[in-house]
Structure formats: C-alpha cells, structure tokens
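Overview (structure and organization)
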Amino acid sequence: QVQLVESGGGLVQAGDSLRLSCAASGRTFSSGTVGWFRQAPGKEREFVAALRRSGTSTYYAEQVKGRFTISTDNAKTTVYLQMNGLKPEDTAVYYCAALLGVDLAYPTVSRASAYPYWGQGTRVTVSS
C-alpha cells in the first residue's frame, strides 16, 4: 500500500515553469513505475510522462517532449515533473500514479489502467 501526494501546481503565465512533486509514503518500493497524467475540463485523462524508478528509462507524451522532464530524488520517494515553456493547453489537474515493483514499457506505461495507486491531483493553470 502506498499513498501519493502531489504538490507544486498553481497559476502561471504562458512561458513560465513549474515543478510538480509526487511524494510517496507507506509501503513503497524503490523500484516500479511512476507516471504523470493530466485531465483538463471536458477531456479524458491523458498520459504525460513516466519513469522506471530503478532505471534510466523515461517516457513522454509527444506534446510535452522537449518541455517537460520527469525525474526522481536519490531516495526514490519523490518524483518530479519539471515543466518548462508552459502553454495554456497544459492547463489541467495533474495526477501522479504508481505501480510498485514492476517496470512498465510502451504502450502499457501510458495507460492509466496500469497504475493502481493515484494521488489527489494538483491543479495547473496557465494563462495566455
């Protein structure tokens, strides 16, 4: 069992940067897969980025490649999403999700149904 808490969202201007954090607690592993998803009003939840906590593999949605970077700290208890060059279309509630002890790969890594643990979300609003 694991609890995930996102933070770092807020209201920013287009072109600004934010760093989202996903802090894990409970019975967490140092291995597994952590993903970031987002959901905008009127849209389905979509994949943003993911990483394997025990390796170097990362995955990104095409629309965020070159702007967003997913990473983890040395203890592997926090996963970050560095978001640069934010656009109004990035406005959404951002969720982190985790699958413990399993390394996912494309295409499963981009599917929300693969992740049993979810945070409550943090809201990102990008004004034009």
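This text gives an overview of the structure that appears in the document. (Residues numbered from 1 in each chain as written. Predicted model: local features only at pLDDT ≥ 70, side-chain atom pairs only at ≥ 80, totals over all residues. Heavy atoms only, no water.)

Thoughts on the pattern of salt bridges
Across all of its chains, the model carries four salt bridges by this definition. Measuring nitrogen to oxygen at the nearest pair gives 2.7 Å for the salt bridge that ties Glu-46 to Arg-38. By relative accessible area, Glu-46 is classed as partly exposed at 22%. Classification of Arg-38 by relative accessible area gives buried; the value is 5%. Its salt-bridge partner being Arg-67, residue Asp-90 comes within 2.7 Å of it at the nearest N-O pair. Of the two residues, Asp-90 sits in the loop between strand 8 (78-83) and strand 9 (92-100) while Arg-67 sits in the loop between strand 6 (58-60) and strand 7 (68-72), which places them 23 residues apart along the sequence. (Salt bridge = Lys/Arg side-chain N within 4 Å of Asp/Glu carboxyl O. Buried < 20%, exposed > 50% of the residue type's maximum accessible area, 1.4 Å probe, protein only. Helix = DSSP H or I, 4+ residues; strand = E, 2+ residues; numbered from the N terminus.)

Overview of unusual backbone geometry
The linkage connecting Tyr-106 with the following residue, Pro-107, adopts the cis geometry, with an omega of 0°. Checked against the element boundaries, Pro-107 lands in the loop between strand 9 and strand 10 (117-118).

Structural notes on the environment of Pro-88
Within the secondary structure, Pro-88 is located in the loop between strand 8 and strand 9. Assessed through its relative accessible area of 37%, Pro-88 is described here as partly exposed. Placed 36 residues apart in sequence, Pro-88 and Val-124 show a C-alpha to C-alpha distance of 9.7 Å.

Side note on the state of the cysteines
Within this structure, the stated rule accounts for one disulfide. The disulfide partner of Cys-22 is Cys-96, and the gap between their sulfur atoms is 2.0 Å. Negative torsions about the S-S bond denote left-handed disulfides, and the value of about 65° found for Cys-22 with Cys-96 makes this one right-handed. Linking Cys-22 in strand 3 (residues 18-26) with Cys-96 in strand 9, this pair joins segments that are 74 residues apart in sequence. (Disulfide = S-S within 2.5 Å.)

Section: the packing of aromatic side chains
Where two aromatic rings form a pair, the distance of their centres and the angle of their planes describe that pair. Under the counting rule described, the total for this entry stands at five aromatic pairs. Pairing Phe-37 with Tyr-115 gives two aromatic rings, centres 5.4 Å apart and planes at 75°, and the pair type is edge-to-face. With Phe-37 in strand 4 (residues 32-39) and Tyr-115 in the loop between strand 9 and strand 10, this pair connects stretches of sequence that are 78 residues apart. Each member of the pair, Phe-37 as well as Tyr-115, is classed as buried. Aromatic pair Tyr-115 and Trp-118: ring centres 6.4 Å apart, planes at 75°, arrangement edge-to-face. Site record: aromatic cluster; members linked through ring pairs are Phe-37, Phe-47, Tyr-95, Tyr-115 and Trp-118. Its end group placed over the ring of Trp-118, Arg-45 keeps NZ or CZ at 5.0 Å from the ring centre. (Phe/Tyr/Trp six-rings, centres within 6.5 Å; stacked < 30°, edge-to-face > 60°. Lys NZ or Arg CZ within 6 Å of the ring centre and 35° of its normal.)

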